[in-house]
Amino acid sequence: MSTNHTAPEEREILVEMRGLRIEGQSEDQWNEIVHGVDVTLRRGEVLGLIGESGAGKSTIGLASMAFARPGCRISGGTVMFDGMDLTAMPESEKRKLRGTRIAYVAQSAAASFNPAHRLIDQYSEMPVQHGVLDRATSESDAVDLFRRLKLPDPETIGFRYPHQVSGGQLQRAMTAMAMSCKPDLIIFDEPTTALDVTTQIEVLAAIRDVVEQFDTAAMYITHDLAVVAQMADRIMVLRHGNLVEEGNARAMLANPREEYTRQLLSVRSFQKATAGDATQAPLLKVEGVTASYGSGPKVLDDVSIEIGHARTVAVVGESGSGKSTLARVITGLLPLSDGSVSYKGEVLPPRLKDRERGQLRTMQMIYQMPDTALNPKQRIREIIGRPLSFYLDMTGSKREERTRELLSLIELEPDDYIDRLPGELSGGQKQRICIARALAAEPELIICDEVTSALDQLVAEEVLKLLQRLQDDLRVSYMFITHDLATVRAIADDVVVMLQGKVVESGPKDEVMTPPHHDYTELLLSSVPEMDPDWLTRVLEARQANA
Amino acid sequence: MEAALKALRKAPPTALFGMAIILFYVFLAVFAPIISPYGETEIVGEQFEDWSPDYLLGTDNLGRDMATRLIYGARNTIGIAFITTCLAFMIGVTMGFLASTLGGWVDQLTSRVVDILMAIPSLIFALLLLTIFGTSMPSLIIIIAVLDSTRVYRLSRAVSQGIVVMDYVEVSKLRGEGLWYIMKNEILPNAMAPLVAEFGLRFCFVFLFISALSFLGLGIQPPTADWGSMVRANADLITYGILTPLIPAASIALLTVGVNFVVDWFLHKTSGLRE
Amino acid sequence: MSQILTMVAQRLALGLLTLIAVSLIIFLAVELLPGDLAEAILGQAALPETVAAFRRELRLDLPPHERYIEWLGAMMQGDMGRSLANNREISELIGVRFGNTLFLAAYAAIIAVPLALFLGILAALYRNSLYDRAINVVTLSSISSPEFFVAYILIAWLANTLGWFPSISNVHEGTGLLERLYRTALPAMTMTLVVVAHMMRMTRASIINLLASPYIEMANLKGLSRMRVIVHHALPNAWAPIINVIVLNLAFLIVGVVVVEVVFVYPGLGQLLIDSVSKRDVPVVQASCLIFAVTYILLNLTADVLAILTNPRLMHPK
């Protein structure tokens, strides 16, 4: 491959969108969701589109293929691709461009590959159907691409069906498929969001390599500024369908102009001061716990952890590590098969239904998805009030007064919110209501299961700060289940690292987070993207040196 | 209330048409004795008399007034179908919610029993049971309600299974709430929309089912006025080119169309809100 | 591959178990008769000796489980006992009639299945178009109408007014195929009208469901032609729902003919069942119910097995 050494800003313009407006349909009405955005992309350039949910980044990405999802339409502006006006082009002409000159990599490869066909058939479909290559050439190309993308068994992996291949591998196979016609532009729509961090880093490296090697222009869409920092030459920050700031990636990260960009950049800087007393007898003690679902394999294997008074213990691990199962065992939803859970020195019955109301009250839980954790048909008054009457026998005006107090505590104006349904709240507000409901029981321990991972980063940070303030005020302990090491850094006193149902390493945060690490902790820590644009290169080099 | 009115104003013409039909039928059913010119089983003239000012739709095979029988038919057929559907829902929803909330062997047992009951086509099963228990009104209602409750069970179990896995139900369980509280406060309010739609559809099914049985002479028994048996008793007229016997048949179709239109709109609306 | 064989075997075993359970229900239902069958049939006034003799004839003196095994064994060999109404061999009564019923169902199915699939797929592809909305109203009206309503309208119009087809479908063993097709045209049309509406709506719903999958969006973004997306990407995953729709409606056709047979006085199994129910001819009712139930269960079993066999995830396990 010949690499073009011309500086990006001098190269030919590939995509030019002017005054792009997109409308979305909700309840028989069309509302504008993208309000006149300009996008310019030159050949060989990688443009990062970044923003929180509702920023319109995916919609803009698809618009560069002149494609609108069902329920959306491009209502204004022009989309020029290589000098052609896509908005004025008939559908059949657009179809000829899609796949051959502009390709798309979706967020969930597992759902976007057709379950009925082999990977190689889906790979060759574009070149063969569009008449670009014959089947044999395309298949040998595929093996070459699979190899470049570091897929295992590149010669044979194509003959498997999608469900026979892992998530990270599928995402790379989808990148290979996008490359099959050597397009001028590839749209990457959050390609690593659904992956674990240790898998994400491999996929990021693979994508960056092939995009560079083939000198393909790319639009990289993500909500994670640290990821886009590794991939993009230029960044566009979007919010509510408007452009906030645009510029060279390195320059913007070093010196953001807009307040919103600054906030996004500083989102991971919050750090608590260590609280609580580690020397006191622990509040909760989990000893040698083993558990499994039905007669299946062990999901937890000899797990022991301790949670101190007014301390925050972060339980970290990737999917399948057993961290959420541990919470289910502690709460009694899943009876343990061996070991014990004791609370203030008293062994708790393993089954939920054998526990007394007082025991249930002291331990409350907050969930990942505030949408599913609140009954959509109950008003806030009932949601927060029910534990008050259930545990504390509060009724009438006393209950009402306490409900209002709790709303003030989580920084929501009682008069505005007490009569609302959950559907009338934003994600962050819902999570605050969940916190208030947990607090209503006056617990000593709150188990937080990935409470910030479904929230946008800025909102997540606010929720973390609130939880911290509540701990300082109310001296409550937290067990914080998370896959996100930034959250651990922000809020933990103690850290427990889990892998495949076992505790790999545990101890005070400073000990666990500073070297020397256990191998797995090292892998996990080094895989978390950092804002530094050279981070990916550095980590890969370090790993290569060690190997 | 305001929201309901607003929704009504935006309803498509088919739905409004459906609602008008339902209201009209309910009116007929409630005020049957006042509206109808003669008594339900009263013989007022000769057999098969033509349409005339005295007998608006003529007379039937026994010389009873067709218009009167038609109005009373609304009352009997709709009333019985409605009671049967309510009964089917009481059985089906309770069992379905219990099975999904309790899980384990309760779920296994009820689901297997329902599987077996549903393995026999319902018309055939109903015929078998009617042979044995006879075609009295109570046995008709109970047999159809029990057979139909299997469908209600399947739906309410499926809907409620989707709700039971929600974190807010787990929150209730962790709080230590009882089974009754969870079913009434967490599951029922969230299952309401699909259940209401299903009620409409099940009512149509039961209504058509009873009409078919009556048509076969195995449903509502004479001299009670009923649309299905009216068609059968006067069917001979059709061969002579007189279409009066089609009026009760058309009345059945019209009501079911009406209910279906309303349900269709309701389903579209509730599923649209979820997106 | 072994996984899929296990699943099919499990499904077949379950089907067998269902068949046994259903035969037991049909057999036991008679036990629920107030008094017993002999009294029920002969009436209160019969002499005790007559009742006792009748009981022996019906083998009612044996314990229920022995009778059940005997009954089931005889049924499986095609011996269904004798009718109480006219003392004829039930197998003789049923044989030809069941054939007639299957003929009518097949006749309707050959027209209805392709038509419904075609209309359904069309409605799904042109969703919310004028065609889709119009067909929605038409099919809703059609499934809302009792079968006898549709039947009598066809009689009034095509038989009485136009005189194209006979309003009574009297066929017998000697009737030739063409004649048979002509005489049963109206019942077949009635059933087609009712079933097509159901089937078309179900087809439309499953196709729409399928078209919302991310892999269909991907296929569109790959710039494939509309045809290619449907045939190559949607269809291979649509078999399970489509087979389900077809089989469900075949079952509906075979069982749902009862009313249509009565309207057109067609000598099918449904007609016989209705007659026997009014005469309380219990052995005939039992035998007909069993035949209907077995057909229904076998069809559903076929659907389930085909659904397993066409599932790519199961066909190519990890």
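Since the model is a prediction, treat every value here as computed from it, not as a measurement.

Each value, and the rule that gives it
- Residues numbered from 1 in each chain as written.
- Chains lettered and ligands numbered in written order.
- Predicted model: local features only at pLDDT ≥ 70, side-chain atom pairs only at ≥ 80, totals over all residues.
- Heavy atoms only, no water.
- Helix = DSSP H or I, 4+ residues; strand = E, 2+ residues; numbered from the N terminus.
- Buried < 20%, exposed > 50% of the residue type's maximum accessible area, 1.4 Å probe, protein only.
- Contact = heavy atoms within 4.5 Å.
- Pairing = 2+ DSSP bridges.
- Buried area = accessible area lost by both parts, 1.4 Å probe.
- Salt bridge = Lys/Arg side-chain N within 4 Å of Asp/Glu carboxyl O.
- Polar contact = N/O pair within 3.5 Å; in protein donor to acceptor, adjacent residues only side chain to side chain.
- Nonpolar A, V, L, I, M, F, W, Y, C, P; charged D, E, K, R; others polar.

A. Layout of the side chain of Ser288(C). All names here are of chain C. With respect to the helices and strands, Ser-288 occurs in helix H13 (residues 282-309). Classification of Ser-288 by relative accessible area gives buried; the value is 0%. Discounting chain neighbours no more than four positions away, the residues touching Ser-288 are Ile-94, Leu-269, Leu-272 and Leu-273.

B. Here's a closer look at the pairing of strand S14 (residues 338-343) of chain A. All names here are of chain A. The sheet contact formed by strand S11 (residues 284-292) and S14 spans five bridges and is antiparallel. The partner of Glu-287 across the bridge, within S14, is Ser-340. Direction of pairing for S14 relative to strand S15 (residues 346-347): antiparallel, over a ladder of two bridges. Opposite Tyr-343, over in S15, you have Glu-346 as the bridge partner. Between S14 and the antiparallel strand that follows it, S15, lie two residues; Lys-344 among them carries a positive phi value of about 50°.

C. Region of interest: the interface of chain B and chain A. Taken together, the contact between chain B and chain A spans 17 residues of the former and 22 residues of the latter. Summed over both partners, the interface of chain B with chain A buries about 1,800 Å², with 54% contributed by carbon and sulfur atoms. Ranking the residues of chain B by area buried against chain A places Asp167(B), Leu174(B) and Arg175(B) at the top, with a combined share of 35%. Where chain B packs against chain A, one counts two salt bridges. Between Arg328(A) and Glu170(B) there is a salt bridge, with its nearest N and O atoms 3.3 Å apart. Across the contact surface, chain B and chain A share nine residue pairs in polar contact (both at pLDDT 80 or more). If you list the elements that add at least two residues to the side of chain B that touches chain A, you get helix H8 (167-175) and helix H9 (179-215) of chain B.

D. Local environment of the interface of chain C and chain B. Opposite the 42 residues of chain C that make contact, chain B presents 41 residues. Both sides of the chain C and chain B interface together cover about 3,500 Å² of buried area, and 82% of this is carbon and sulfur. Together, Ser144(C), Phe148(C) and Tyr152(C) form the three largest contributors to the area buried by chain C at its contact with chain B, with a combined 17%. Arg201(C) serves as the salt-bridge partner of Asp264(B), at 3.8 Å between the closest nitrogen and oxygen. Where the side of chain C that touches chain B is concerned, the elements lending two or more residues are helix H1 (2-31), helix H6 (130-144), helix H7 (147-161), helix H11 (226-263), helix H12 (269-279) and H13 of chain C. Here the residues of the side of chain C that touches chain B are counted per class, giving 33 nonpolar, seven polar and two charged.

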